[in-house]
Amino acid sequence: MSGKMYGADDQHAQAHRGHGDDTSVAHAGHASHGEHQGHVALAEHAGHESPGAHVEHTGHGEHEGHTASAAHGGREGPAAHVDHTGHEQIFRRRFWVSLVLTIPVLAFSPMLQEWLGFTIPPFPGSRWIGPAFALAIFFYGGTPFIQMAIPELRNRRPGMMTLISLAISVAFVYSLFALAVAPGTSFFWEMATLIDIMLLGHWIEMRSVRQASGALNELARLMPDTAERILPDGSTEVVPSSALREGDLVLVRPGASIPADGVVVEGRSDVNQAMLTGESVPVPKEPGDRVIAGTINGDGSLRVRVTATGEATALAGIMRLVAQAQQSKSRTQLLADRAAGWLFYIALAVAAITAVAWTLAVGFNLDVLERVVTVLVIACPHALGLAVPLVVAISTSMGATNGILVRDRLALEAAREIDVVIFDKTGTLTKGEFGVVSIVTVEGWDEPQALALAAAVEGDSEHLIARAVRSKAEEQGLELPAVTDFEAIKGRGIRASYDGRTVYVGGPRLLEMLEASLPEGLARFTEEAGQKGQSVIYLVVDGQPVAAFALADVVRPESHEAVSRLREMGLEVAMLTGDSQAVARSVADELGIQTVFAEVLPEHKDGKVAELQRQGKRVAMVGDGVNDAPALTRADVGIAIGSGTDVAIESAGIILVRSDPRDVVRVFTLSRATYRKMVQNLAWASGYNAVALPLAAGALAPVGFTLSPAVGALLMSLSTVIVAVNAQLLRRAGLE
């Protein structure tokens, strides 16, 4: 076999063989929540402080280990487990209790009795029933909001909780005052319904936050609690998964979860990895194959040698990535943070102007107070605070379940602005391994017949090209004929006997040895293959060449669809490779790629990225995350593809678990869909405040239209629900 056949061209298959503050954000204000250890709040919920889920819940009393999510109020906590279930239950319980307590408040309100035309016969102490129940509602349902406002004021960063507390406190104090001087004008029912609606809004909001951040909970549940460790005598013992150590041998029974990362040493089975890699079908595993903790074994039993446990497993690494991505700040979130901060001062200013203007116009009375309280309530930046964090959490979990791991939120956000996508060729657009790409035969022979015979002759060889021929025959499901008398001819090929005839498989040097000339069809095929940088081997029977096989780094079938869909999205596609111009041009022509950088050394790849950036283009680089590290770092968006569950790649902002270039398309689809939802939510939240504040201040009062504090609270909560529902609709954005 020629040096080119079994030497230089091996690089096509070998080139990428390796593909493969402690910031405990102060929760000092939620004293009533006790010690919520390990709780992590949703990322970036700027300006929104509620039990366990929002900005700087500095009021949780002793929250040891309780890390808030990034940037609640501009502070970032470390990646950790997200769980809002406990606080969701707190708000739900307080809402229902307060709602029941509100019934007598409404029933004994003189104002409502007058409006609705009914009376409750008075009896001794009846005038105190409404105020007594209202007092209970204030301290049971309203106190948490006041507790959460204290740290805002202490940190000189007043926000939503300050507005809510101010509103219910003003209503409460005024009601006490009115009870003494003008019993018929009690404001208790307004305060009670206001607190009820606030609690309901927080309950729904916390539920949305928990659902959006559920990716980490789902990942955590993948890890089994126990494992079957195999002892030296062959018996097994059931131990906690946390007790496993590197080097242990474990038995994984059919249908069981794999308890640790490891290597199969015995057994064969199909393993369901969909929850981590997004692969739609189970992956066959046999001795020597790696398995991932948390994946589900199929019908066969496996004996696995543990290589990583606990925090060192791929599952733990993916969980850290998801948490970091959910907590990292995006440019859109920074804008929302600033808007929420300013909204507090705008609300105070509008409330002050409302009080002064209406007092001057009609004098100070209950209607003026209602308008001031309504302004304070309706300006609470619930919707603005949730607009981006919910979308961030949902998009991150969607990516994780589709094999897209986001290391840097800015990378995913920037992907929508990309102009050019550069693919490294080997191992990305191609499989990074030799394969038969085309076959031609002489008259009297058909392709399956020739391929089956060549594969049979190469049956005992472990050479790269021999494996490529056998793989092609297996792919086509061919039955191989029986051959005998194998003999390797050094540097030229292989000889064998078949049906009484002598058969050879080899390259140009084999033809030289046999002094065989190529028929016209095979000669033309050889010339065309050479122009494409492909290697050619021949099947020779009784001294006559009867078939030729062109071999090259095989283009992935998925690459055609990926390139086509990227161009449909308006993106330019380029290819970067260290291979020759002929090889690069051949792959580019097959995929329809116009821009090609060939014969580029790994250390010079980042220069090609910079070259496109100097033309004013925003560039995404898709590579293997190791050899392409400088180029991935230089690009506006670095995407490491085919990295499996290796999450330690620092050079890429986005990591694709599979070696499927169509996942690159999904990155851009997810980026654009995420941005659309962010813009929609911010537009709604901002538009709501722009319209609602003037109405709350009484702009339409001269024509008889006013908003009560309870209605204002309802509208505010409704806007939050709309934002939460719209964020959930992101899940319907198909990534296929």
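How each quantity is defined
- Residues numbered from 1 in each chain as written.
- Predicted model: local features only at pLDDT ≥ 70, side-chain atom pairs only at ≥ 80, totals over all residues.
- Heavy atoms only, no water.
- Pairing = 2+ DSSP bridges.
- Helix = DSSP H or I, 4+ residues; strand = E, 2+ residues; numbered from the N terminus.
- Axes fitted to C-alpha atoms, helices over the stretch in contact; angles between N-to-C directions.
- Parallel < 35°, antiparallel > 145°, perpendicular 65-115°, else oblique.
- Left-handed = near helix turned anticlockwise from the far one by under 90°.
- Contact = heavy atoms within 4.5 Å.
- Phe/Tyr/Trp six-rings, centres within 6.5 Å; stacked < 30°, edge-to-face > 60°.
- Lys NZ or Arg CZ within 6 Å of the ring centre and 35° of its normal.
- Polar contact = N/O pair within 3.5 Å; in protein donor to acceptor, adjacent residues only side chain to side chain.
- 1 Å grid on protein atoms, 1.4 Å probe; cavity = no way out; pocket = protein on both sides within 12 Å on 5 of 7 lines; lining within 4 Å.
- Points joined across faces, edges and corners; volume = space filled by probe spheres on them.
- Nonpolar A, V, L, I, M, F, W, Y, C, P; charged D, E, K, R; others polar.
- Buried < 20%, exposed > 50% of the residue type's maximum accessible area, 1.4 Å probe, protein only.
- Arc of directions from axis to C-beta.
- Lys, Arg positive; Asp, Glu negative; His and termini not counted.
- Salt bridge = Lys/Arg side-chain N within 4 Å of Asp/Glu carboxyl O.
- Core = buried A, V, L, I, M, F, W, Y, C linked by side-chain atoms within 4.5 Å.

Engineer: Would you take a moment to explain the sheet that holds strand E5 (residues 269-272) for this structure?
Structural biologist: The pairing of strands in a sheet comes from backbone hydrogen bonds and takes either a parallel or an antiparallel form. Spatial strand order, E6-E5-E8: 3 strands in an open sheet with antiparallel pairing. The sheet is open, and its two edges are formed by strand E6 (283-285) and strand E8 (296-297), each paired on a single side. Across 3 bridges, the pairing between E5 and E6 is antiparallel. Bridge pairing links valine 271 to valine 283 in E6.

Engineer: Can you help me understand the packing of helix H14 (residues 389-401) against helix H25 (residues 662-696) in this one?
Structural biologist: Two quantities define a packed helix pair, namely the angle between the helix axes and the distance between the axes. Where H14 contacts H25, the axes come no closer than 10 Å and their chain directions differ by 165 degrees. Between H14 and H25, the interaxial angle falls into the category roughly antiparallel. Here H14 and H25 pass one another in a crossing that is right-handed. Contacts from Val391, Val392, Ser395, Met398 and Gly399 of H14 reach H25 at Leu670, Thr674, Lys677, Met678 and Asn681.

Engineer: Explain the packing of aromatic side chains here, please?
Structural biologist: For any pair of aromatic rings, geometry is given as the distance between the ring centres together with the angle between the planes. Scanning the model with the defined rule gives 8 aromatic pairs in all. By way of ring pairs, the aromatic residues Phe95, Trp96 and Trp203 are connected into one cluster. The ring of tyrosine 140 is capped by arginine 94, whose NZ or CZ atom sits 4.9 Å from the centre of that ring.

Engineer: What's the story with the side chain of threonine 428 in this structure? I'm lost.
Structural biologist: By secondary structure assignment, the location of threonine 428 is in helix H16 (residues 425-429). Within the local environment of threonine 428, its side chain forms a polar contact with the backbone oxygen of aspartate 424, the two atoms lying 3.3 Å apart.

Engineer: When you look at the layout of surface pockets in this model, what are you seeing that I'm missing?
Structural biologist: Rolled over the atoms, a probe with the dimensions of a water molecule shows which regions are left empty. Its volume calculated, the second largest pocket comes out at about 670 Å³. Of all elements in the fold, only strand E12 (430-441), helix H18 (464-475), helix H20 (520-531), strand E17 (544-555) and helix H22 (581-591) reach the threshold of two or more residues within the lining of the second largest pocket. If one sorts the elements of the lining of the second largest pocket by residue count, E12 sits on top with 7 residues. Considering only residue class, the lining of the second largest pocket consists of 14 nonpolar, 8 polar and 12 charged.

Engineer: What exactly am I supposed to notice about helix H23 (residues 605-614) here?
Structural biologist: Since the α-helix advances by 3.6 residues per turn, residues separated by three or four positions end up pointing in the same direction. Every buried residue of H23 is accounted for by Lys605, Asp606, Val609, Ala610 and Leu612. Viewed along the axis of H23, the buried residues span an arc of 160 degrees, placing them on a single side of the element. On the buried face of H23, the contacting elements are strand E11 (420-424), strand E18 (572-576), strand E19 (595-597), strand E20 (619-623) and helix H24 (629-634). Remark: glycine 616 follows H23 within two positions and exhibits a positive phi of approximately 85 degrees.

Engineer: Mind showing me how you'd approach the side chain of aspartate 261 here?
Structural biologist: Here aspartate 261 lies in strand E4 (residues 261-266). It is arginine 290 that comes nearest to the buried, bridge-free aspartate 261 among opposite-charge side chains, at 5.9 Å. Here aspartate 261 is in contact with Val291, Ile292, Ala293, Arg305, Val306, Thr307, Ala308, Ala312, Thr313 and Ala314, once residues within four sequence places are set aside.

Engineer: Quick question: what am I supposed to make of the sheet that holds E20 here?
Structural biologist: Taken together, the 7 strands give an open sheet; going across it, the order is E10-E22-E21-E20-E11-E18-E19, and neighbouring strands pair in mixed fashion. Only two strands of the sheet have a single neighbouring strand rather than two, namely strand E10 (404-406) and E19. In this sheet, adjacent strand axes meet at a mean angle of 20 degrees when their direction is disregarded. Where E20 and strand E21 (residues 637-640) come together, 4 bridges link them in parallel fashion. Residue pairing across strands places glycine 623 opposite alanine 640, the latter belonging to E21.

Engineer: Which parts of the structure should I look at to understand the nonpolar core?
Structural biologist: Formed by 55 residues in total, the largest nonpolar core has its most connected members in Val421, Leu566, Ile654, Val664 and Phe668. Not counting residues within four places of it along the chain, the set of residues in contact with valine 664 comprises Val421, Phe423, Leu566, Val622, Ile639, Ile641 and Leu656. One finds Phe95, Phe172, Ala192 and Ile378 within the second-largest nonpolar core, a separate group that totals 50 residues.

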